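Summary of the model geometry
Each chain, written out:
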Amino acid sequence: MPDEMFDQLFAGLKHHRDRALLAFWVSTGARADELLTTRQGDPLPGEQLIGIVRKSSRDYQQLPVSVDAFVWLRLYQEETWRQGLPRGRRQPLWWTLRRPWRPLEYHAARAMFVRANELLGSNWTLHDLRHTASYRMAQDPQMPLVNVQWVLGHRSLSTTQRYLNPSQEEVVRSVLAYFERRERKPVPPPPAPGYNPESLGILFGGRS
């Protein structure tokens, strides 16, 4: 998902809970249901971590999270706690927004995301957020791919490597930038009088 489309999608959300969910999904790369099953004791804002249970292995893993995700989480929690939402470390982290309170399940989260898509006329999925997080991390030259593999919970590095493949839009932008650089390439000045242009070309690689 391009950054500008994500920003538009995020701006179209109406509730702090939904903004927090998207911020957590796109910064952790966690699967949708891995994040939805977290408890109130799993986020650690001071350490910028959240604990999840991996879908495949059932292992408990703590993932790094962006600062802004915790900001939206706190806004969501303060708002709903004032309305009487159950509190406690073992209580679910994500709830429906209307009484009777119920833990937020995948289908309800997906419906929220579909409504946001309808505002933009797009068809992104919750899993696209995991792909977006993966791609962003994999494209950072200072982020080792094995670190991305660990964050995503991939068993094989080859699975993570697919996020290195550029999109069509990126290839087009790169090639157009190449053309522009070629057009700006300075024209070398003519040789000084007395020098043979053909000899200079052979000597400095101008011709073969």
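Now for a description of the structure that goes with this document. (Residues numbered from 1 in each chain as written. Predicted model: local features only at pLDDT ≥ 70, side-chain atom pairs only at ≥ 80, totals over all residues. Heavy atoms only, no water.)

**Overview of helix H1 (residues 3–11)**
Buried within H1 we find Phe-6, Leu-9 and Phe-10. Down the axis of H1, the buried set is contained in an arc of 100°. They therefore lie on one face. Of the surrounding elements, those touching the buried residues of H1 are helix H2 (16–28), helix H4 (67–82), helix H5 (106–120) and helix H6 (126–138). (Buried < 20%, exposed > 50% of the residue type's maximum accessible area, 1.4 Å probe, protein only. Helix = DSSP H or I, 4+ residues; strand = E, 2+ residues; numbered from the N terminus. Arc of directions from axis to C-beta. Contact = heavy atoms within 4.5 Å.)

**Here's the deal with the sheet that holds strand S1 (residues 43–44)**
Taken together, three strands build an open sheet; the order of strands is S1-S2-S3 and the sheet is antiparallel. Of all the strands in the sheet, the pair left with one neighbour each is S1 and strand S3 (60–64). Examined bridge by bridge, strand S2 (residues 49–53) and S3 share five bridges and lie antiparallel to one another. Counted as the bridge partner of Gly-51 is Gln-62 from S3. (Pairing = 2+ DSSP bridges.)

**Regarding the packing of aromatic side chains**
Tallied over the full model, the rule gives six aromatic pairs. Taking the ring centre of Trp-81 as reference, the NZ or CZ of Arg-87 above it sits at 3.7 Å. Across from the ring centre of Phe-6, 5.2 Å away, lies the NZ or CZ of Arg-136, which sits over that ring. (Phe/Tyr/Trp six-rings, centres within 6.5 Å; stacked < 30°, edge-to-face > 60°. Lys NZ or Arg CZ within 6 Å of the ring centre and 35° of its normal.)

**Comments concerning the pattern of salt bridges**
Two side chains bearing opposite charge may form a pair once their charged atoms approach each other closely. Going through the model one piece at a time under the given rule, you end up with six salt bridges. A salt bridge links Arg-17 to Asp-18; the shortest N-O distance between them is 2.8 Å. On the basis of relative accessible area, Arg-17 is assigned to the buried category, the value being 6%. The buried category is assigned to Asp-18, whose relative accessible area is 4%. Across the pair Arg-74 and Glu-78 runs a salt bridge, and its minimum N-O distance is 3.3 Å. Highlighted residues: Arg-74 and Glu-78, both in helix H4, separated by four residues, approximately one helical turn. When its relative accessible area of 39% is taken as the criterion, Arg-74 is described as partly exposed. (Salt bridge = Lys/Arg side-chain N within 4 Å of Asp/Glu carboxyl O.)

**With respect to the environment of Ser-134**
Turning to its location among the elements, Ser-134 is positioned in helix H6. Of the residues examined, Ser-134 reaches a relative accessible area of 0% and is grouped as buried. With residues up to four places along the chain from it excluded, the contact list for Ser-134 reads Val-148, Leu-152 and Tyr-163. Only 2.6 Å separates the side chain of Ser-134 from the backbone oxygen of Arg-130, close enough to count as a polar contact. (Polar contact = N/O pair within 3.5 Å; in protein donor to acceptor, adjacent residues only side chain to side chain.)

**A closer look at the layout of surface pockets**
In this structure, the second largest pocket spans a volume of roughly 410 Å³. Lining the second largest pocket are 17 residues, and of these His-15, Arg-17, Asp-18, Met-112 and Arg-115 sit closest to its centre. Elements with a contribution of two residues or more to the lining of the second largest pocket: H2 and H5. Here the lining of the second largest pocket gets six residues from one element, more than from any other, and that element is H5. Of the residues contributing to the lining of the second largest pocket, the split by class is seven nonpolar, three polar and seven charged. (1 Å grid on protein atoms, 1.4 Å probe; cavity = no way out; pocket = protein on both sides within 12 Å on 5 of 7 lines; lining within 4 Å. Points joined across faces, edges and corners; volume = space filled by probe spheres on them. Nonpolar A, V, L, I, M, F, W, Y, C, P; charged D, E, K, R; others polar.)

**Describing the nonpolar core**
Residues Leu-22, Phe-24, Trp-25 and Trp-94 are the most contacted members of the largest nonpolar core, which totals 34 residues. Looking at this core element by element, the count peaks at seven residues for H2. For Trp-25, the residues in contact, after removing those within four places along its chain, are Ala-30, Arg-31, Ala-32, Leu-35, Leu-36, Ala-109, Leu-126, Leu-129 and Ala-133. Ala-30, Ala-138, Leu-145 and Val-148 belong to the second largest nonpolar core, which has 11 residues in total. (Core = buried A, V, L, I, M, F, W, Y, C linked by side-chain atoms within 4.5 Å.)

**Considerations on unusual backbone geometry**
Pro-100 follows Arg-99 through a cis peptide bond whose omega is -5°. Mapped onto the elements, Pro-100 comes out in the loop between H4 and H5. Residue Gln-48 is not a glycine yet carries a positive backbone phi of 55°. With respect to the element layout, Gln-48 can be found in the loop between S1 and S2. A positive phi is found at Arg-58, a non-glycine position, where the angle reads about 65°. By the secondary structure assignment, Arg-58 is in the loop between S2 and S3.

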